[in-house]
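# Structural overview for review
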Amino acid sequence: QVHLVESGGGLVQPGGSLRLSCAASGSILSINAMGWYRQAPGKQRELVAVITSGGSTNYADSVKGRFTISKVNAKNTVTLQMNSLKFEDTAVYYCKAVVITTMSSYVANYWGPGTRVTVSS
């Protein structure tokens, strides 16, 4: 199977920055895309940013200009640099990978356990 591990969450003041990282491991043939979602209390999980194997990116309107997603292919990792953080960025952030495993031609989504980001003064 495929496992994702996130790191980098924590407490930060408004206007501050955090950098999240996610590493994928397991029976991976290829990764089509990796990205970040978040879920705040009382809200549904929403897309934050994604990056494809070709390097194209997509961001939620609420984070454009503040967040940057990038990847390191050799380590199957994705990072999310978060700047100018706001109260409304407080959420549990989940890493997702779109993966083709070594034993299948099917594409499947895999999720990390989440890392908490709290923006508070």
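The following paragraphs examine the structure supplied in this document. (Residues numbered from 1 in each chain as written. Predicted model: local features only at pLDDT ≥ 70, side-chain atom pairs only at ≥ 80, totals over all residues. Heavy atoms only, no water.)

### Focus on the pairing of strand E8 (residues 77-82)
So the rule is basically this: Each residue gets one of three labels from its accessible area relative to the maximum for its type: buried under 20%, exposed over 50%, partly exposed in between, using a 1.4 Å probe on protein chains only. Helix numbers and strand numbers start at the N terminus; a helix is a DSSP run of H or I with at least 4 residues, a strand a run of E with at least 2. The pairing criterion for strands is at least two bridges between them, as found by DSSP.
Taking burial as the measure, the six residues of E8 include five buried ones, the bulk of the element. Across six bridges, strand E3 (residues 18-26) lies against E8 in antiparallel orientation. Looking at the pairing, Leu 18 lines up with Met 82 of E8. Two elements, strand E7 (residues 67-72) and E8, share six bridges in a ladder whose sense is antiparallel. Its bridge partner lying in E8, Val 72 is registered against Thr 77. In sequence, E7 turns back onto E8 through a hairpin of four residues, with Asn 76 there showing a positive phi of about 50°.

### Observations regarding the side chain of Arg 66
The criterion, for reference: For the purposes of these results, a polar contact is taken to be a pair of N or O atoms within 3.5 Å, where, inside protein, one atom must be able to donate a hydrogen and its partner to accept one; residues adjacent in sequence count only when each atom of the pair is a side-chain atom. Any two residues whose heavy atoms approach within 4.5 Å at even a single point are treated as in contact.
The residue Arg 66 is located in the loop between strand E6 (57-59) and E7 in this model. A distance of 2.9 Å separates a polar atom in the side chain of Arg 66 from the backbone oxygen of Ser 62. Here Asp 89 takes part through its side chain, which lies 2.8 Å from a polar atom of the side chain of Arg 66. Not counting residues within four places of it along the chain, the set of residues in contact with Arg 66 comprises Gln 81, Met 82, Asn 83, Ser 84, Leu 85, Lys 86 and Asp 89.

### Some words on the environment of Ile 100
Along the polypeptide, Ile 100 turns up in strand E9 (residues 91-101). Those residues in contact with Ile 100 that sit more than four places away from it in its chain are Ser 27, Ile 28, Leu 29, Ser 30, Asn 32, Ser 105, Tyr 106 and Val 107.

### Quick word on the sheet that holds E7
Across a sheet, strands are paired by hydrogen bonds formed along the backbone, either parallel or antiparallel in direction. Which entries qualify depends on this criterion: In this analysis, axes come from line fits to C-alpha atoms, helices being fitted only over the stretch in contact, and the angle between any two N-to-C directions falls in the range 0 to 180 degrees.
Pairing in this open sheet of four strands is antiparallel, and the strands run E1-E3-E8-E7 from one edge to the other. The two strands at the open ends of the sheet, each matched to only one other strand, are strand E1 (2-7) and E7. The mean inter-strand angle of the sheet, taken between neighbouring strand axes irrespective of direction, is 15°. Relative to E3, E1 runs antiparallel, the two being bridged by six bridges. Paired with Glu 6 across the strands is Cys 22, a residue of E3.

### A closer look at the packing of aromatic side chains
As a reminder, the rule being used: What counts as a ring pair is set by centres within 6.5 Å for rings of Phe, Tyr and Trp (its six-membered ring), and what kind of pair is set by the plane angle: stacked under 30 degrees, edge-to-face over 60, tilted for all other angles. A ring is considered to have a charge above it if a Lys NZ or an Arg CZ atom is located within 6 Å of its centre and within 35 degrees of its normal.
Enumeration over the complete set of coordinates arrives at one aromatic pair. Relative to Trp 111, the ring of Tyr 37 lies with its centre 5.0 Å away and its plane at 65°, an arrangement referred to as edge-to-face. With Tyr 37 in strand E4 (residues 28-39) and Trp 111 in strand E10 (residues 107-111), the pair connects residues that are 74 residues apart, well separated along the chain. You can call Tyr 37 buried: its relative accessible area is 17%. Among the residues examined, Trp 111 registers a relative accessible area of 36% and is labelled partly exposed. Seen from the ring of Tyr 94, Arg 45 lies directly overhead, with NZ or CZ sitting 3.8 Å from the centre. The residue whose ring lies beneath Arg 45 is Trp 111, and the NZ or CZ to ring-centre distance is 4.7 Å.

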